[in-house]
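Topology and contacts: notes
Each chain is listed here by its residues.
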Amino acid sequence: MTADLMLIWPELILTIGGLITLMLGTFLGDRQVGLYQLSSLLTLAAAAAAVVALFGVETTVFSGTLSVDGFGGFAKLLIYAASFVSILIAPRFFSGTMRAEYPTLILFAALGMGIMASSRDLMTLYVGLELNSLAAYVLASFMRTDDRSSEAGLKYFVLGALASGMLLYGISLLYGFTGTTDFAGIAKVLGGELNIGLIFGIVFVLAGLGFKISAVPFHMWTPDVYEGAPTPVTTFFASAPKVAAMALMTRVVIDAMGPAVGAWQQIIIFLALASIILGAVGAIGQKNIKRLLAYSSINNVGFMLIGLAAGTQQGVEGVLTYLLVYVVTTLGA
């Protein structure tokens, strides 16, 4: 157990830093916003340093439920960088209405996304995803006096709950027909003959994850939430959760469903083509810059999924390269 804890330092740092920032906000109120911002930025920097220190380590912890490897480390660095920028730009936008909860929510969302990127088990996958989602729902409706922000939070919550239900149903089917929640165990069973229950499980899991990356036809929440959420929150939504969800989807598809390539490849190809086409066409008529960026993110997800559809190491490398460029350009925009 102690050896396992030594290998999840990034998550421990984010947990401790998030709790410290939360307690500071509780006792000092909203007067010391700069202090909370500094605390959260230092926490993210320390977590990133811990990730860099662990590069070269390739192992699993906690009975194989979490992975410590270069793939997860790369995704975490992108997540932490996007979270850092989202906190850094916030005070100028909120201009006096910045609250202590904002950096704390970003930290806990980043913690959830780090768990998503390292998951090797359906249970840790869901825990990380929900930790990220619960913080994201509050962030979307952060400006309580703004009707559009409240609407964005409500839409995100309702559709997110629907997607979580679909994902859980898919997870229960995979568990029921394979007898395990471990990715390696699922891959072993999927290497044999597929039955209708396993195929339905694969479809529902990919549908739930498709919502998180806002791939067509699960994209309907994206333009409204991007437009209604405060701009720093939109910056966050457009970058960090996309990295985490794409990393998670890549792990699930390659590690857990790899042997059943015929069952999931056509689904990924459809999601990719539909996202590319609708993202490009939908962006043409937009007159709001945030809605335009929402359709741009849908379009870019389609291009990422092309690499994933290949189902090869080169395809996964292409996904990660595209993610790096996407995060830099999105934060810049």
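Refer to the preceding data block for the structure.
First, a word on scope: everything that follows refers to the structure included in this document. For clarity, every value in this text was computed on a predicted model and none was experimentally measured.

Scoring rules and cut-offs
Residues numbered from 1 in each chain as written. Predicted model: local features only at pLDDT ≥ 70, side-chain atom pairs only at ≥ 80, totals over all residues. Heavy atoms only, no water. Helix = DSSP H or I, 4+ residues; strand = E, 2+ residues; numbered from the N terminus. Rg over C-alpha atoms; globule rule 2.2 N^0.38 Å. Buried < 20%, exposed > 50% of the residue type's maximum accessible area, 1.4 Å probe, protein only. Contact = heavy atoms within 4.5 Å. 1 Å grid on protein atoms, 1.4 Å probe; cavity = no way out; pocket = protein on both sides within 12 Å on 5 of 7 lines; lining within 4 Å. Points joined across faces, edges and corners; volume = space filled by probe spheres on them. Nonpolar A, V, L, I, M, F, W, Y, C, P; charged D, E, K, R; others polar. Phe/Tyr/Trp six-rings, centres within 6.5 Å; stacked < 30°, edge-to-face > 60°. Salt bridge = Lys/Arg side-chain N within 4 Å of Asp/Glu carboxyl O. Core = buried A, V, L, I, M, F, W, Y, C linked by side-chain atoms within 4.5 Å.

Let's shift gears to the overall build of the protein chain. Across its full length, the protein chain carries 15 helices and two strands. Relative to the globule expectation of 20 Å for 333 residues, the C-alpha radius of gyration of the protein chain, 19 Å, shows essentially globular dimensions. Principal axes of the C-alpha set define a box for the protein chain whose edges measure 60 × 55 × 30 Å. Burial status across the protein chain gives 55% buried among its 333 residues. Pairs at least 24 residues apart make up 75% of the contacts formed inside the protein chain by residues separated by at least 6 positions.

Each pocket or cavity is described by its volume, and for the largest pocket that value is around 300 Å³. Along the wall of the largest pocket there are 17 residues; nearest its centre are T234, T235, L293, T330 and A333. At the level of secondary structure, the elements contributing two or more residues to the lining of the largest pocket comprise α12 (231-256), α14 (289-310) and α15 (313-332). Sort the elements by how many residues they give to the lining of the largest pocket and α14 lands first, with six residues. The class makeup of the residues in the lining of the largest pocket is eight nonpolar, eight polar and one charged.

Throughout the structure, instances matching the rule amount to two cavities of 30 Å³ or more. The calculated volume of the largest cavity comes to roughly 150 Å³. Lining the largest cavity we find 20 residues, and of these L54, S67, V68, D69 and K76 sit closest to its centre. Class assignment of the residues belonging to the lining of the largest cavity gives a composition of 11 nonpolar, six polar and three charged. The calculated volume of the second largest cavity comes to roughly 90 Å³. Lining the second largest cavity we find M116, N132, S133, Y156, K212, W221, Y226, F237, P241, K242 and A245. Elements that contribute at least two residues to the lining of the second largest cavity include exactly α7 (122-140) and α12. A breakdown of the residues in the lining of the second largest cavity according to their chemical character gives seven nonpolar, two polar and two charged.

Turning our attention to the packing of aromatic side chains. In the structure shown here, the tally under the stated rule is 12 aromatic pairs. Pairing Y137 with Y156 gives two aromatic rings, centres 5.3 Å apart and planes at 85°, and the pair type is edge-to-face. Pair noted here: Y137 is in helix α7 and Y156 is in helix α8 (residues 147-178), with a separation of 19 residues, a long-range link. Among the residues examined, Y156 registers a relative accessible area of 7% and is labelled buried. With 5.3 Å between their ring centres and 35° between their planes, F211 and W221 make a pair best called tilted. Here F211, found in helix α10 (residues 196-212), pairs with W221, found in the loop between α10 and α11 (222-228); they are 10 residues apart in sequence, far enough to count as distant.

All right, on to the pattern of salt bridges then. Throughout the structure, instances matching the rule amount to nine salt bridges. Residues D224 and R291 are paired through a salt bridge, measuring 2.9 Å at the closest nitrogen-oxygen approach. One end of the pair, D224, is in helix α11; the other, R291, is in helix α14, with 67 residues separating them in the sequence. Judged by its relative accessible area of 18%, R291 is buried. Among the charged side chains, a network of salt bridges with common partners joins R148, E151, K155, D224, E227 and R291.

Here we come to the nonpolar core. The nonpolar side chains of soluble globular proteins are, as a tendency, buried together. With 100 residues, the main nonpolar core has Y102, F237, M249, M257 and L305 as its most contacted residues. Examining the composition of this core, we find that 15 residues originate from one element, α12, more than from any other. With sequence-adjacent residues up to four places away left out, F237 is seen in contact with A136, L139, A140, Y156, V225, Y226 and K242. If you look at the next biggest cluster of nonpolar residues, it comprises five residues, including V216, A274, A283 and Y295.

Tracing the backbone through its elements, the reader meets L167 in helix α8. Here L167 falls in the buried class, since its relative accessible area comes to 1%. Between the C-alpha atoms of L167 and F204, which are 37 residues apart in sequence, the distance is 5.8 Å.

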